[in-house]
Every structure is written in C-alpha cells, then in structure tokens.
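Okay, here's what each chain looks like letter by letter:
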Amino acid sequence: MRIRDWDPNLKVRLFSEAMMNITFWMFFPFLTIYFADAFGKNKAGFLLVFSQIFSVIANLMGGYCADRFGRKRMMVLSAIGQGLSFLLFAAASSPWLQSPWIGFIAFAIAGVFGSFYWPASQAMVADVVDEKNRNSVFAIFYTSINIAVVIGPILGAIFYVNYRFQLLLVAGIICILLGLILAKWTRETAPLQKVETLKADRKWYYFLQDQLKDYTLIIKDKTFLLFIIAGVLAGQTFMQLDLLFPVYMKEVIDLQTLFSIGDWSFTIKGEQAFGIVLAENGLLVALLTVVITKWMGNFKERNVFVLSSVVYAISIFMFSQTHWIWGFIIAMAVFTFAELMGAGIQQSFVSKLAPEHMRGQYFAAASLRFTISRTIAPLSIPLTVWIGYEWTFIVLCLLALASAGLYWLMFYSFEKRTAVGS
C-alpha cells in the first residue's frame, strides 16, 4: 500500500510524528546519564523503576481510554500533555533554574502521557487500514521511528551537552504543535456506537479487571508462561540500550579519536560515543530488519530463539571487555544482530500458541514481557554500585543464557503439546 493511498489521518501523523521523534531522540538517550549524575546511580535506578510503574499502569489504561473517549481525543491530549511536561523539564534545566527533581517529575509525567498516546495511535491504524495492508503500514511507522533513532542521537551527541535547555524547549513546542495539528487535520476513527456503549455501560475500573483476566492466561498455559519468563530475562539485556550503556560509556570513555585524516582528527567523549553507537543500532535496524527476518525464516524457530539469546549474551560480554570506541561499535553490531534475529518471529509464534478465539487476549498478555522488563531493567544502574560494572555485565550475560535455556524448554513443551494434539 503506497503512502499516497493512505488515509489522510495517517499521512498527517507520519510526517508530524517523525519530526517529534527526531527531536525526542536528540535528548532521551542521554537522560539516564543526567539522572545518574544528579542523584547518584543508586537513587537514579530506583527512581527510573518508580517512574516506569506509572507508565505501565497508564499503558493498561490507554486502550480503555482510546475506546471510551476516542482515538483522536486521547492523542491530542497526550501530545499536548507531553509537550507541557517537556516545557516543565526545560524550565528545570534552564539558566535560571537547575532542579533535577522537577526534571524527573516532568520526565515521569511525559512518560505517562506517552503511554496514553501509544494505544490510541495503534488503534487508529487498525480503524482506517484493512487487515491485508496493516503490516505494511505498521512497518513504515516502525521504520520512521528507527530513522529518528539514527538521526536524533547523532544530533544529540553534538548539541545535548551544551544545549539541553534549548532541546527540551524545542521538544515541548513540537509536541504541542503535534497536538494542535492532530486536532485540526485529523478526524475521529473510533466506532461511534462502541464509544457511546462504553460511556453508558462501562465503569472506569473495568479495564483493570479485563486486563487481569487476560493475564491469568499465563498461569494456565505452560508454554506461554515459559515464553513470558524467557522474554523478561532476555529483556534485561536489550532494555540496557538506554539505561546501563550510556552510563557505562560516559565513565570509561574520556576523550578518544574516532578517526583521523592527516593532521585532522575527530575526537569524542562518552556521551557522544553513546550517541554514535545508538545511531548505529537504529541504522542497522532500519536497513536490515527485512533481510535478516527472511534469512531467519530458513532455520527452525527453536534454534533462532535460543541463538538470539546466546548472541545477546556474547554482545553484553563484548561491551564489558572494551573501553575503545570501535570496540563498542563492533559490540553494538553483534547486539543489533541478536535483536533482529527475533524481531520477525516473536509475534508469529504468539499467534501459533493462541487459540483463534483468544488471539487478542494472548497478544495483550504477551506484551507483559516488555512491561515487566522495562520496569525491572533500571535496577542494573544501582547494581553497578553494589557489585561493579564487570559483575553487572556478567549477571546480564547469565540472564540472557538462562533465557536461551527457557526458550529451549518452551519449544520442548510446545512440540510435546503439538504432538499430543495431532
């Protein structure tokens, strides 16, 4: 499906959200460094866990609110709320006021609004795109985000250190503009009858009851339970991309030469080095997702799942053993390869596990591996204070290898169940 054939709502969103995402990724990856410097690694890790709990709850509420109040309304309110949060963060990092606590509160509020935005935005795509074209539309939005992950950190590595206030100010203004653009040039897509029914019949707390019912599926399905636990363990590695990695690279890279030509050389510090490897990750994902997904289709799913976790463990070990920028670049290439190995097969495996009449519930419950991972992962930062970087990386390696073992058990259980069913 070509972009020119898209619904006008999606065209407006694609280009306006791309602008917002680029600005967001100019400063977001460096905030862990900011909070670790401001509060200490111990307190920063626990504060980030605390903020994620609110985002997880908001994410659970987001789908309910998108159905009850409408996609457009939730997206407009979320974008404007996020913009106001960034403006507050900018004020807390301004030449007139330096308050990390206000900055953290603003960051947490922005995360809550972002969690409200996401379900409504996904539902809008499903509302206006027929089923056969949804994958391609979602893929284009996914590619747009990864292009932002390439461009944003590179620009952030140049501007963030000296212009944090200006970046946050621009991010706030762009988010508010996005909200106003959505308000003026998009239409509501939620089924009117469904919205009115929910307004009349549904209590506000029913969404939580529904989610809890969905998640009880994990207890009843052994194979699915192993899938979730293995995913959470593996998530402790890839969630470190914007948590442990930036803090570690800032401490171990003082001033290094990235490359030199004759008498001229390009030198970088830790924050800039992290921006480069993060941009590398986004570039490789944008370029190679389709290619590696097709390649992985030639192998048994069990081997791909297990090997992906093993490669994650190898990449984490490589990160722990180098203080050299090119060593980090090589380690990030291995890390990204592990990410791409499983990118295309995880969702299809969930669809195999799920009975047809319960597929939506299974996909909802499967998202737990990300929400739980995102909540636990910041504990790696205080862990570096308690046991040091080397042992922290070893723990992450062991968790990745444990996930590989659980994936093997998962497929053993799945194949046994399939054999019994046949």
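Our structure is the block above this text.
Being a predicted model, the structure only gives us computed values, none of them experimental.

*Asks:* Just to check I follow, could you spell out the overall build of the protein chain for this structure?
*Replies:* For the protein chain, the helix and strand inventory stands at 18 helices and two strands. In the protein chain, which comprises 422 residues, the share counted as buried stands at 51%. Residue pairs at least 24 apart in sequence account for 84% of intrachain contacts in the protein chain once pairs closer than 6 positions are excluded. Of the accessible surface of the protein chain, which amounts to about 20000 Å², a share of 67% is contributed by carbon and sulfur atoms.

*Asks:* Sorry, what's going on with the pairing of strand S2 (residues 264-268) here?
*Replies:* Regular strands have side chains that alternate between both faces of the sheet. The pairing of strand S1 (residues 256-261) with S2 spans five bridges and is antiparallel. The residue of S2 that forms the bridge with Ser260 is Ser265. Hairpin connection from S1 to S2: two residues lie between these consecutive antiparallel strands, with Gly262 at a positive phi of about 65 degrees.

*Asks:* Honestly, the packing of helix H10 (residues 222-238) against helix H13 (residues 301-320) in this entry has me stumped. Any pointers?
*Replies:* The relative placement of two packed helices is expressed as an angle between their axes plus a distance between the axes. At their nearest, the axes of H10 and H13 sit 10 Å apart, and the two run at 25 degrees to each other. If you check the angle between H10 and H13, you find them roughly parallel. Remark: the crossing between H10 and H13 carries left-handed chirality. Residue-level inspection shows Phe227, Ala234, Thr237 and Phe238 of H10 in contact with H13, the latter providing Phe305, Ser309, Tyr312 and Ile316. Here the residues of the contact of H10 with H13 sort into six nonpolar, two polar and no charged.

*Asks:* So what exactly am I meant to see when it comes to the pattern of salt bridges here?
*Replies:* Close approach of charged atoms lets side chains of opposite charge pair. The full count for this structure, using the stated rule, is six salt bridges. The residue Arg13 makes a salt bridge to Glu17 at a minimum N-O spacing of 2.8 Å. Taken as a pair, Arg13 and Glu17 lie in helix H1 (residues 8-27) at a separation of four residues, close to a single helical turn. Pair check on accessibility: Arg13 and Glu17 agree, each one buried. The partner of Lys41 in a salt bridge is Glu251, with the nearest N and O atoms 3.3 Å apart. Note that Lys41 is positioned in helix H3 (residues 41-69) and Glu251 in helix H11 (residues 244-252), a separation of 210 residues in sequence.

*Asks:* What is the right way to look at the packing of H1 against helix H5 (residues 100-128) in this model?
*Replies:* Running from N to C, H1 and H5 cross one another at 145 degrees; their axes reach a closest spacing of 10 Å. For the pair H1 and H5, the sense of crossing is left-handed. Contacts between H1 and H5 involve Asn9, Leu10, Arg13 and Glu17 from the first element and Tyr117, Ser121, Met124, Val125 and Val128 from the second.

*Asks:* Teacher, can you tell me more about the nonpolar core here?
*Replies:* A general tendency of soluble globular proteins is for nonpolar side chains to be buried together. If you look at the biggest cluster of nonpolar residues, it comprises 104 residues, and the most contacted ones within it are Phe35, Phe227, Phe245 and Phe393. Of the residues forming this core, the biggest block, twelve residues, is contributed by helix H6 (residues 131-185). Every residue in contact with Phe227, bar those within four places of it in the chain, is listed here: Phe305, Gln346, Phe349, Val350, Ala366, Arg369, Tyr407 and Met410. Residues Trp6, Leu10, Val125 and Val137 belong to the second largest nonpolar core, which totals seven residues.

*Asks:* So what exactly am I meant to see when it comes to the environment of Gly270 here?
*Replies:* Secondary-structure assignment places Gly270 in helix H12 (residues 270-296). With relative accessibility at 1%, the residue Gly270 sits in the buried group. Along the chain, Gly270 and Pro246 lie 24 residues apart, while their C-alpha atoms are 7.7 Å from each other. With near-sequence residues (within four places) excluded, Gly270 lies in contact with Met249, Lys250, Ile253 and Asp254.

*Asks:* How should H12 be read in this particular structure?
*Replies:* Given 3.6 residues to a turn, an α-helix orients residues that are three or four positions apart in the same direction. Under the 1.5 Å per step criterion, the end-to-end length of H12 is only 34 Å for 27 residues, more than 12% shorter than the ideal 39 Å. Most pronounced at Leu288, the bend in H12 amounts to some 60 degrees.

What counts and how
- Residues numbered from 1 in each chain as written.
- Predicted model: local features only at pLDDT ≥ 70, side-chain atom pairs only at ≥ 80, totals over all residues.
- Heavy atoms only, no water.
- Helix = DSSP H or I, 4+ residues; strand = E, 2+ residues; numbered from the N terminus.
- Buried < 20%, exposed > 50% of the residue type's maximum accessible area, 1.4 Å probe, protein only.
- Contact = heavy atoms within 4.5 Å.
- Areas by Shrake-Rupley, 256 points an atom, 1.4 Å probe, with all protein chains shown as cover.
- Pairing = 2+ DSSP bridges.
- Axes fitted to C-alpha atoms, helices over the stretch in contact; angles between N-to-C directions.
- Parallel < 35°, antiparallel > 145°, perpendicular 65-115°, else oblique.
- Left-handed = near helix turned anticlockwise from the far one by under 90°.
- Nonpolar A, V, L, I, M, F, W, Y, C, P; charged D, E, K, R; others polar.
- Salt bridge = Lys/Arg side-chain N within 4 Å of Asp/Glu carboxyl O.
- Core = buried A, V, L, I, M, F, W, Y, C linked by side-chain atoms within 4.5 Å.
- Expected span 1.5 Å × (residues − 1).
- Bend = angle between axes of the 7 residues up to and from the residue.

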